[in-house]
Amino acid sequence: MNAKSTKTALKHIRRSPYQSLAAIFIMIVTFLAITVFTFIVFGSSTVINYFESKPQVTAFFKDTATQQNIDDLRSQLNSTGMISTSKFISKDQALQIYRAQNKNDPLLLDLVTADILPASLEISTVQIQDLGPISDILGKSPYVSEVVYQKDIVSTLTRWTNAIRIIGIILIVVLTAVSIFIMMTVIGFKVSQKRDEIEIMKLLSATNWYIRWPFMVEGILYGAIGTVVGWIIASSVLLYSAPYLESFLKGIPIFPISPFFLIGVLLGELLLAVLLGVLASSLAVLRYLN
Amino acid sequence: MIRFENVTKQYPTGNTALDDVTFSVERGEFVFLVGPSGSGKTTLFRLLIRQALPSSGSIFIGDWDLVNLPKNKVHVLRKNIGVVFQDLKLLRDRTIYENIMFPLEVGNIDSEEARQRVEGIIERVGIAEHREKFPVQLSGGELQRAAIARALAFSPEILLADEPTGDLDNATSWEIIKLLQDISAEGTTIVMATHNADIVNSLRLRTLVLEKGKLTKDQAAGKHKKLEHAHKEV
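The shown structure was predicted, so the numbers you read here are calculated from the model rather than taken from an experiment.

What counts and how
- The residue count restarts for each chain, going from 1 along the sequence in the order it is written.
- As a convention, the first chain written is A and the first ligand written is 1, with the rest following in written order.
- Owing to the predicted nature of the model, reporting of local features is limited to residues with pLDDT of at least 70; listing and counting of side-chain atom pairs is limited to 80 or more, with chain, interface and lining totals taken over all residues.
- Going along the chain from the N terminus, every DSSP run of H or I of four or more residues is numbered as a helix, and every run of E of two or more is numbered as a strand.
- Here exposure depends only on C-beta density: within 10 Å of a residue's C-beta, 20 or more other C-beta atoms make it buried, 12 or fewer make it exposed, and intermediate numbers make it partly exposed, the C-beta atoms being placed from the backbone.
- With C-beta atoms placed from the backbone, a contact is any residue pair whose C-beta atoms sit within 7 Å.
- Fitting a line to C-alpha atoms yields each axis, with helices limited to the stretch in contact; the angle taken between N-to-C directions then spans 0 to 180 degrees.
- Throughout this description, any angle smaller than 35 degrees is read as roughly parallel, any larger than 145 degrees as roughly antiparallel, any in the 65 to 115 degree range as roughly perpendicular, and the remainder as oblique.
- Handedness of a crossing follows from how the near helix is turned relative to the far one, being left-handed for an anticlockwise turn of less than a right angle and right-handed for a clockwise one.
- Lys, Arg, Asp and Glu make up the charged group, whereas Ala, Val, Leu, Ile, Met, Phe, Trp, Tyr, Cys and Pro make up the nonpolar group; the residues left over, Gly among them, are polar.
- At least two bridges found by DSSP between two strands is the condition for calling them paired.

A. Spotlight on the overall build of chain B. Within chain B one finds eight helices and ten strands. Here chain B holds 234 residues, and the buried ones make up 42% of them. Of all intrachain contacts in chain B linking residues separated by at least 6 positions in sequence, the fraction that spans at least 24 positions is 67%.

Shown next as structure tokens:
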């Protein structure tokens, strides 16, 4: 991309500003959607990872269970290879946790003693699919009174995230195809306007690349402008709404968003924009060069 | 310099534009190409700049074998051939200076060198005072000079001129011919297609006569009565 090609591309844009604006607008919409869905995918992945890394199965023991019974059960679970971590909570520790959670309610604190709280085992599995087999093992144990696990929460979240991802991918594919067609139409129209000039260029020894470059630069400029504007809009909205999201997603470590992440998204999108611009303009110029 | 060997050009419509044409032109020659409209003159030029390929036969320009010339070398060939097109093909939205500069821009010539070349050519063809005008502001003769100037931008070894006096009055036509003779005198090979019998008959230069795609005559000192009659009839 040399200065002459860029100058010519800018001249093309100046001479038909409305068509250029249409191309830029569709690129903004496309890259706004891409940026928003990138943020959503990143955020939902972080939320799922958070839940997946939390203790996912909690087994409450009967009062009759001895420490030996509990240790045997832990060994049995560890031998499955599905356990990421397991943590034993004794009756006393359970009372401390209860007190910490209800420290502002003295009435509740007075009513509860360590005797009525069961000892428990908090277990994380390596994969979310391991939750079923592990809870089955726990449920069959004669020393376990109750099994509670977050399978439903995570699976619902995973279902939602997958749905959002699929919708996002479809939307992005459709918008990308539309933006390629619009860019092809806009650039193709400009190429057809310059058909005579292109013919003269070829007769005066211009290479195909000499003719193609300004149109490619034009396509790249549309893509780059669309990317930067779309990214600025999406990033601004994200940063503006960060305090609200942070309180809504309390405890999930998404915020603060790393500036490297945002810049990485921008650079990735710029690369995609260049590819789209080159593809659309190449297709538009192709038939006139043949 | 230029060699046509049994060249035939048939278009997909079935029309035979050139039929088994063989001739050669030596370096520095000034050759007229005459014949009625549709006789194949423009097709011959199109073949010389590889705007079209012959259906059969061989075409050579110097060491270039045009039939087997790879597509990516065509632009190099065209730098060595200046062409004054019948319809001039000047860009309407550019000044005369910009039009002459155009092939040098396309050829990626250094801007300072290009500027000096264009200045020299503009002076040489006598249109210095029109340099900032647009084509629409110039007369026919001035436009022809501008087209010749652009064709000279790369200092080509060969200059092809397709009817350069076609729409001009007699005096202006002779001015253009004088300019082409000056260019020829400096060693440029010139092939000029023309209907102008006065010019052909006055200069008595080598003349190739095309009729219905066939090369019917190759005269060392052309004087073509048939053409003369045809010209008078028109």
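From this point on, the discussion continues.
B. Just the packing of helix α3 (residues 96-106) of chain B against helix α4 (residues 111-125) of chain B, in detail. All names here are of chain B. Between α3 and α4, the shortest axis-to-axis distance is 10 Å and the interhelical angle comes to 130°. Classified by the interaxial angle, the pair formed by α3 and α4 is oblique. At the point where α3 passes α4, the crossing takes the right-handed sense. Facing Tyr97, Ile100, Met101 and Leu104 of α3, the residues of α4 in contact are Ala114, Arg117, Val118, Ile121 and Ile122. Along the lines of polarity and charge, the residues of the contact of α3 with α4 split into eight nonpolar, no polar and one charged.

C. Expanded view of the sheet that holds strand β3 (residues 30-34) of chain B. All names here are of chain B. Here six strands make up an open sheet; going across it, the order is β6-β7-β8-β3-β9-β10 and the pairing mixed. A strand with exactly one partner marks an edge of an open sheet, and here the two such strands are β6 (81-84) and β10 (214-219). Sheet twist, expressed as the average angle between the axes of neighbouring strands with direction ignored, equals 15°. As paired strands, β3 and strand β8 (residues 189-194) are joined by five bridges and run parallel to one another. The residue bridging Val34 from the neighbouring strand is Thr194, located in β8.

D. Here's a closer look at the environment of Val136 of chain B. All names here are of chain B. Secondary-structure assignment places Val136 in the loop between α4 and α5 (140-151). What makes Val136 exposed here is the crowd of 9 C-beta atoms within 10 Å. Considering only alpha carbons, one finds Val136 and Leu90, 46 residues apart in sequence, at a separation of 9.9 Å.

E. Representation of the sheet that holds strand β4 (residues 56-61) of chain B within the structure. All names here are of chain B. Within the open sheet, the four strands sit side by side as β2-β1-β4-β5. Their pairing is antiparallel. At either end of the open sheet lies a strand with only one pairing partner, and these are β2 (16-25) and β5 (64-65). Pairing of strand β1 (residues 2-10) with β2 involves six bridges; the strand directions are antiparallel. The residue bridging Val7 from the neighbouring strand is Val21, located in β2.

The analysis is restricted to geometry; functional conclusions fall outside its scope.
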